[in-house]
Amino acid sequence: MNRVVINAEERALRAKEYFCEGYNCAQSVALAFADITNLDEQMVATITASFGGGMGRLREVCGTVSGMAFLAGFIAPCPTADNAEAKRANYALVQEFAEAFRKQNGAIVCRTLLGLDRTKDEPTPSVRSAEYYKKRPCADLVYDAALIVGRYLSKE
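Residues numbered from 1 in each chain as written. Predicted model: local features only at pLDDT ≥ 70, side-chain atom pairs only at ≥ 80, totals over all residues. Heavy atoms only, no water.

A. Fine view of the packing of helix H6 (residues 63-75) against helix H10 (residues 138-155). Axis separation between H6 and H10 bottoms out at 9 Å; the angle between their running directions is 20°. Judged by the inter-axis angle, H6 sits roughly parallel to H10. Handedness of the crossing formed by H6 with H10: right-handed. Residues Thr64, Met68, Leu71 and Ile75 of H6 form the contact with H10, whose own contacting residues are Leu141, Val142, Ala145, Ile148, Val149, Tyr152 and Leu153. Residues that form the contact of H6 with H10 fall into these classes: ten nonpolar, one polar and no charged. (Axes fitted to C-alpha atoms, helices over the stretch in contact; angles between N-to-C directions. Helix = DSSP H or I, 4+ residues; strand = E, 2+ residues; numbered from the N terminus. Parallel < 35°, antiparallel > 145°, perpendicular 65-115°, else oblique. Left-handed = near helix turned anticlockwise from the far one by under 90°. Contact = heavy atoms within 4.5 Å. Nonpolar A, V, L, I, M, F, W, Y, C, P; charged D, E, K, R; others polar.)

B. Representation of the packing of helix H7 (residues 84-105) against H10. Close contact between H7 and H10 brings their axes to 10 Å; oriented N to C, the two are set at 135°. In terms of axis orientation, H7 runs oblique to H10. The hand of the H7/H10 crossing is right-handed. Here Leu93, Glu96, Phe97, Ala100, Phe101, Gln104 and Asn105 of H7 come into contact with H10, specifically with Leu141, Asp144, Ala145, Ile148, Val149, Tyr152 and Lys155. Split into classes, the residues belonging to the contact of H7 with H10 amount to nine nonpolar, two polar and three charged.

C. Region of interest: the pattern of salt bridges. Taken as a whole and assessed by the stated rule, the structure comprises ten salt bridges. Residue Arg59 is joined to Asp121 by a salt bridge in which the shortest nitrogen-to-oxygen separation is 2.7 Å. Here Arg59, found in the loop between helix H5 (52-55) and H6, pairs with Asp121, found in the loop between helix H8 (110-114) and helix H9 (130-135); they are 62 residues apart in sequence, far enough to count as distant. Residue Arg59 shares its accessibility class with Asp121, and that shared class is buried. A salt bridge links Arg102 to Glu99; its shortest N-O distance comes to 3.3 Å. Placement of both Arg102 and Glu99 in helix H7 is noted, with a separation of three residues, approximately one turn of the helix. (Salt bridge = Lys/Arg side-chain N within 4 Å of Asp/Glu carboxyl O. Buried < 20%, exposed > 50% of the residue type's maximum accessible area, 1.4 Å probe, protein only.)

D. Examining the nonpolar core more closely. If you look at the biggest cluster of nonpolar residues, it comprises 47 residues, and the most contacted ones within it are Phe33, Met68, Ile75, Phe97 and Phe101. Those elements that place two or more of their residues in this core are helix H1 (8-20), helix H2 (25-31), helix H3 (34-37), helix H4 (41-48), H6, H7, H8 and H10. Of all the elements, H10 adds the most residues to this core, at twelve residues. In this view, Phe97 contacts Met68, Ala72, Ile75, Ile148, Val149 and Tyr152; residues no more than four positions away in its chain are not counted. (Core = buried A, V, L, I, M, F, W, Y, C linked by side-chain atoms within 4.5 Å.)

E. Quick peek at the side chain of Gln27. Considering the arrangement of structural elements, one finds Gln27 in helix H2. The exposure class assigned to Gln27 is buried, which follows from its relative accessible area of 11%. When residues no more than four places from it in sequence are discounted, the contact partners of Gln27 are Ala45, Thr48 and Ala49.

F. Structural context of unusual backbone geometry. Of note in the backbone geometry, Met55 takes a positive phi value of approximately 75° without being a glycine. Within the secondary structure, Met55 is located in helix H5. In this structure Met55 comes out as partly exposed when scored by relative accessible area, which is 44%. One non-glycine residue, Arg57, adopts positive backbone phi at about 65°.

Here you go:
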């Protein structure tokens with residue numbers, strides 16, 4: 001990973017802005033750190049698009065947590081199948097990010113965070129309106145996830 005100076009608060013605000021522009025939760029977190037991936041923003045958005053809404057609106061693991069896991073792959077890479085230590089370090093970082101998010105928000109599952117009783121939604125994304133942003137905590141969850149990653153990177 002290329003060394004970059006990280007302002008955690010700035011990255012969290014940037015992630016929230018991406019979400020308010022219409023990117024999904026996973027994309028928003030990942031895009032706020034696109035520079036650490038050595039990928040362009042379009043590629044980052046493309047790779048993480050399927051993870052929004054708890055993975056394709058299945059309402060499973062929150063897309064913000066998936067976005068953090070995506071970034072963990074660049075922070076603690078494991079590019080080969082036979083490197084058990086790299087794999088352990090990567091998994092440990094994913095667990096650290098997820099636990100910090102769970103501690104702050106009470107869960108890492110999308111439907112739980114949104115108070116939904118269904119296991120999936122129709123694949124059509126919700127229309128982003130003022131009402132949507134008022135009733136959904138997603139923008140704040142995006143902020144929290146990006147702040148977790150930003151704080152981790154700023155202490156490295």
